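Tertiary structure, described
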Amino acid sequence: MKTHYRRLDIALALGLAAFVLLPWYRIDGGFFGFGWLSAFPEEPVAAPGLVQIASFGKWWLMLPALAMMVAAAARFIGDPARRGSFLAWTGAGGIVVLALQGLAIGFSGWNWTVSEALFGALAEGQPSMGAGAVLAALVFVLIFAFGIAERGVMKGDAFVVSAISLLVFLVAVFVFYPVGSMLVGAFQDFDGSFNPEGFTRNIVDPSIWSLDCVVGGGRCGIAWRTFWLAVMTAGGSTILGLAFALLATRTGFRYKRSLRLLTVLPIITPPFVVGLALTLLFGRSGVITEALSTLIGVEPGRWLYGLTGIWIAQVLSFTPISFLVLIGVVEGVSPSMEEASQTLRADRWRTFWRISLPLMKPGLANAFLIGFIESMADFGNPLVLGGSHGVLSTEIFFAVVGSQNDPSRAAVLAIILLCFTLTAFLAQRFWLSGKNFATVTGKGDSGAHAALPRTVSIAVHVLVIPWALFTLVVYGMILLGGFVKTWGLDNSLTLAHYVKAFSVEFRDGGIAWTGVAWNSFWTTMEIALISAPLTAAVGLLTAYLIVRQRFAGRGLFEFALMMSFAIPGTVIGISYIMAFNLPPLEMTGTALILVACFVFRNMPVGVRGGVAAMSQLDRSLDEASLTLRADSFRTIRKVILPLLRPAITAALVYSFVRAVTSISAVIFLVSAEYNMATAYIVGLVENGEYGVAIAYSSMLIVVMISVIAGFQLVVGERRLRRENRVQAVARAPVPLPQEKTA
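What you see is a predicted model; the values in this text were computed from it and never measured. (Residues numbered from 1 in each chain as written. Predicted model: local features only at pLDDT ≥ 70, side-chain atom pairs only at ≥ 80, totals over all residues. Heavy atoms only, no water.)

**Concerning the overall build of the protein**
- What the protein contains, in helices and strands, is 34 helices and 4 strands.
- Counting all 742 residues of the protein, 50% fall into the buried class.
- Counting only contacts in the protein whose residues sit at least 6 apart along the sequence, the fraction spanning at least 24 positions is 74%.
- About 36,100 Å² of surface is accessible on the protein, with carbon and sulfur atoms providing 64% of the total. (Helix = DSSP H or I, 4+ residues; strand = E, 2+ residues; numbered from the N terminus. Buried < 20%, exposed > 50% of the residue type's maximum accessible area, 1.4 Å probe, protein only. Contact = heavy atoms within 4.5 Å. Areas by Shrake-Rupley, 256 points an atom, 1.4 Å probe, with all protein chains shown as cover.)

Dropping the structure here:
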């Protein structure tokens, strides 16, 4: 009972601080700049909630303040069941009234005409929510969680209930609310008023849906062009990924270790760098183009700048990811099934085609889905190589920042892009649902897979070896490109690009970062190092709840979290702009919006890694800790986390790398103060400064490798101590034999 009161008292104390000690509305200079302290609490820009009500006429804030006071009254209810119901309803009501007043009232007054008709016009509106309002919302969520915990939900475990409630609340705010705002934005005018003309005009635009490439030999619309490019990229990367996996597991290829190293490079490479390298090779002034022109007189062309070039760049970028997905699946096919097929006189080809390949369907479907979504969301390579052949991601960008300045068109294009990816996501789940592909059982296997058919082995070598060599050449160009003055004009070696980007001087007894890239570099490192631990923490906590807890709606909860993986980064970027550019939550131009984007965009990978790792931990470990009177939080901290170090490392590495290399969402969210490295490199490419762009990208690759090694060193390895049972038995006292009597 004392524990129940103590946690409620802490929540109520935080609620009081939200209304009395913190500015209720957003501070223009930033809350953590603490410039608002000089105006606190007298001036309206920094006044807390109670002062806003009493002195500045913000009467609508009385509703959440009243809800907080009502929650405090629960302190005097003795019956736990009644107190739980009271707290649950009060917390839910507080969240609802806080959200409604924030959505209904904007800068100039009512946002909804129905509100103005009911309550009359307002003399003035309100800015966006600030620290006080955000803290009050979190307190209401905790009050709701404490209430349903006292009602006996999750056996009264307040930590588990609070974790689930907070995660649902955060996912609703940072995933579903932005996507909903984007859907609404398609039907709004520039001033925010309802206007369906923009949606109807854009949704039937022939430039989006034209099929002239099929029926008339012309150019397809943007939607079909993007769709067919995604299908071709997904198909190409899946086939090559499977070939790489078969070569690494089913053949005697000598350089398997080197082949695996190639899988790391595209993951830590900024997404548009492959396009830059292809330009240096096959562009009008590229090395190979110039060589062919000199040797055989081939006129330099522009074939690279279009769907062909984008497809080559995307297959190069996404094939290693398909390989990582498929190699475990190929190794997981049970050799006993292949042996049974050959025992029944099936040859190698029939065994591979009828047994091995069908058992790889889940991996092939996942690899195809990842390639499809990554191609749809890819922004960097189409921007560098697309030319006049735009795709949905680049057209969305130009609809927002280009001369069109048409938010409704951007929203419509984003909805089309989202429909394509979600359809692929749901189709894959439907295709695999109800089918069993289990091949790992408790029965022994010889461990030796059947050899590949000769034709398949030859085809795999013919595909993989030239592609691997081509990949090495491309990355060699990335490394070399930063040391050449001007490709095609002056190929002499120089360090000028690195000096321009990363020069350092000593002035007045200190270090002056004079290079043009330092500002965006430090910003990128800061935001990536903040978002990586948050992503890992949220992902692993979610994995713990999914694997270890049973609660109503768990499947829907998991699906909602994983659905953010199917939302392309371009859609995330445009939805964040539309959701967080105006009250109630205004975050555009700040570091917070970048951190939030990275955390909730990359969280599904942490979730899946945590689920896979936690599924290997026996539940008896949790039960033993709980039996010894440890609560859930202490069990996680002392038992679960030390055993999840590999999953923690994977989540940290992935989220850090994605934060550094992301471009499709970041390009919409950066500002002059918070400019990320990838957005800065895009600006260099648009200005034709390829040498500086490649030098910057090479430096990022080196830094990422160093930080990955640092994460591995800090987190460490999981150490499992297993007692030698033979020695233990030897040390045990041996009982003397006793005489048996009939």
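Here the narrative resumes, following the displayed structure.
**What about the side chain of Ser 393?**
- If you trace the backbone, Ser 393 turns up in helix α20 (residues 392–401).
- At 2.7 Å, the side chain of Ser 393 forms a polar contact with the backbone oxygen of Asp 378.
- Among all residues touching Ser 393, those that are not within four sequence positions of it are Met 376, Ala 377, Asp 378, Phe 379 and Thr 570. (Polar contact = N/O pair within 3.5 Å; in protein donor to acceptor, adjacent residues only side chain to side chain.)

**Considering the pattern of salt bridges**
- A complete count under the given rule lists 7 salt bridges for this structure.
- Where Glu 124 meets Lys 58, a salt bridge forms, and the shortest distance between an N and an O atom there is 3.4 Å. In this pair, Glu 124 sits in the loop between α5 (113–119) and α6 (131–150) while Lys 58 sits in the loop between α2 (49–55) and α3 (62–73), placing the two residues 66 residues apart along the sequence.
- The partner of Glu 150 in a salt bridge is Arg 83, and the shortest N-O contact between them spans 2.8 Å. Note that Glu 150 is positioned in helix α6 and Arg 83 in helix α4 (residues 80–104), a separation of 67 residues in sequence.
- Overall, the relative accessible area of 11% leaves Glu 150 in the buried class. (Salt bridge = Lys/Arg side-chain N within 4 Å of Asp/Glu carboxyl O.)

**A few points about the nonpolar core**
- Judged by nonpolar contacts, the single largest core of 205 residues is most densely connected at Met 182, Leu 278, Tyr 576, Phe 656 and Leu 700.
- Looking at which element gives the most residues to this core, the answer is helix α24 (residues 518–548), with 14 residues.
- Not counting residues within four places of it along the chain, the set of residues in contact with Phe 656 comprises Met 525, Ala 528, Leu 529, Ala 532, Met 704, Val 707 and Phe 711. (Core = buried A, V, L, I, M, F, W, Y, C linked by side-chain atoms within 4.5 Å.)

**So, the environment of Leu 594**
- Position of Leu 594 relative to the elements: it lies in helix α27 (residues 591–614).
- Between the C-alpha atoms of Leu 594 and Ile 527, which are 67 residues apart in sequence, the distance is 7.4 Å.
- Not counting residues within four places of it along the chain, the set of residues in contact with Leu 594 comprises Ile 527, Leu 669, Tyr 674 and Met 676.

**Comments concerning the packing of helix α7 (residues 158–185) against helix α26 (residues 569–579)**
- Contact geometry of α7 with α26 gives a least axis separation of 8 Å together with a crossing angle of 80°. In this view, α7 runs roughly perpendicular relative to α26, as classed from their interaxial angle. Within the contact between the two elements, α7 uses Phe 174, Tyr 177, Pro 178, Val 179, Ser 181, Met 182 and Gly 185 and α26 uses Val 571, Ile 574, Ser 575, Tyr 576, Met 578 and Ala 579.
- Here the residues of the contact of α7 with α26 sort into 10 nonpolar, 3 polar and no charged. (Axes fitted to C-alpha atoms, helices over the stretch in contact; angles between N-to-C directions. Parallel < 35°, antiparallel > 145°, perpendicular 65-115°, else oblique. Nonpolar A, V, L, I, M, F, W, Y, C, P; charged D, E, K, R; others polar.)

**Remarks on the environment of Ile 527**
- Within the secondary structure, Ile 527 is located in helix α24.
- In sequence terms Ile 527 and Val 660 are 133 residues apart; their C-alpha atoms lie 8.7 Å from each other.
- When sequence neighbours within four positions are dropped, the list of residues in contact with Ile 527 reads Ala 591, Leu 594, Val 595, Phe 598, Tyr 674 and Met 676.

**Remarks on the pairing of strand β4 (residues 510–513)**
- Relative to β4, strand β3 (residues 504–507) runs antiparallel, the two being bridged by 4 bridges. The residue of β4 that forms the bridge with Arg 507 is Gly 510.
- What sits between the antiparallel neighbours β3 and β4 is a turn of 2 residues, in which Asp 508 has the positive phi angle 50°. (Pairing = 2+ DSSP bridges.)

**Points about α6**
- Under the 1.5 Å per step criterion, the end-to-end length of α6 is 29 Å for 20 residues, consistent within 8% with the ideal 28 Å.
- Positioned one or two residues after α6, Gly 152 has a phi angle of 100°, which is positive. (Expected span 1.5 Å × (residues − 1).)

**Structural notes on the packing of α6 against α7**
- Relative orientation of the contacting elements α6 and α7 amounts to 140°, with a least axis distance of 9 Å. In terms of orientation, α6 lies oblique with respect to α7. Read as a crossing pair, α6 and α7 show a hand that is right-handed. Of α7, the residues touching α6 (which contributes Ala 137, Leu 138, Val 141, Leu 142, Phe 144, Ala 145, Phe 146, Ile 148 and Ala 149) are Ala 158, Val 161, Ser 162, Ser 165, Leu 166 and Phe 169. (Left-handed = near helix turned anticlockwise from the far one by under 90°.)

**Thoughts on the packing of aromatic side chains**
- Tallied over the entire structure, the rule returns 38 aromatic pairs.
- Where Phe 31 meets Trp 36, the ring centres are 5.2 Å apart and the plane angle is 15°; that geometry is what we call stacked.
- Classification of Trp 36 by relative accessible area gives buried; the value is 7%.
- Between Phe 174 and Phe 580, the ring centres sit 5.9 Å apart and the planes meet at 50°, which makes this aromatic pair tilted. (Phe/Tyr/Trp six-rings, centres within 6.5 Å; stacked < 30°, edge-to-face > 60°.)

**Description of the environment of Val 639**
- Note on placement: Val 639 falls in helix α29 (residues 632–643).
- For the pair Val 639 and Leu 621, spaced 18 residues apart in sequence, the C-alpha to C-alpha distance is 7.4 Å.
- Filtering out sequence-adjacent residues up to four positions away, Val 639 remains in contact with Leu 621, Ser 625 and Arg 634.

**Re the side chain of Thr 269**
- Relative to the helices and strands, Thr 269 resides in the loop between α12 (256–261) and α13 (273–282).
- Filtering out sequence-adjacent residues up to four positions away, Thr 269 remains in contact with Tyr 475, Thr 661 and Ile 701.

**Remarks on the confidence of the model for the protein**
- Summing up the model confidence of the protein, the mean pLDDT is 82 and the portion of residues at 70 or higher is 89%.
- Highest mean pLDDT in the protein belongs to α6 (95); lowest belongs to helix α34 (residues 725–731) (44).
- Scored below 50 in pLDDT, residues 436–444 shows 12 contacts in the model against residues more than four places distant or in partner chains.
- Under a pLDDT of 50 for its full length, residues 720–742 has, in the predicted model, 3 contacts with residues more than four places off or in other chains. (pLDDT = per-residue confidence, 0-100.)

**Focus on a nonpolar patch on the surface**
- A surface patch of nonpolar side chains, amounting to about 910 Å² of accessible area, comprises Trp 59, Met 62, Val 96, Leu 100, Leu 103, Trp 112, Val 114, Leu 118 and Phe 119.
- If you list the elements that add at least two residues to the nonpolar patch, you get α4 and α5.
- Structurally, Leu 100 is set in helix α4. (Patch = residues over 30% accessible without salt bridge, like charges linked within 9 Å, V, L, I, M, F, W, Y side chains within 5 Å.)

**Focus on unusual backbone geometry**
- Of the consecutive residues Phe 40 and Pro 41, the connecting peptide bond is found in the cis state with omega at 0°.
- Mapped onto the secondary structure, Pro 41 falls in the loop between α1 (2–20) and α2.
- With omega at 10°, the peptide bond leading from Pro 583 into Pro 584 counts as cis.
- Residue placement: Pro 584 occurs in the loop between α26 and α27.

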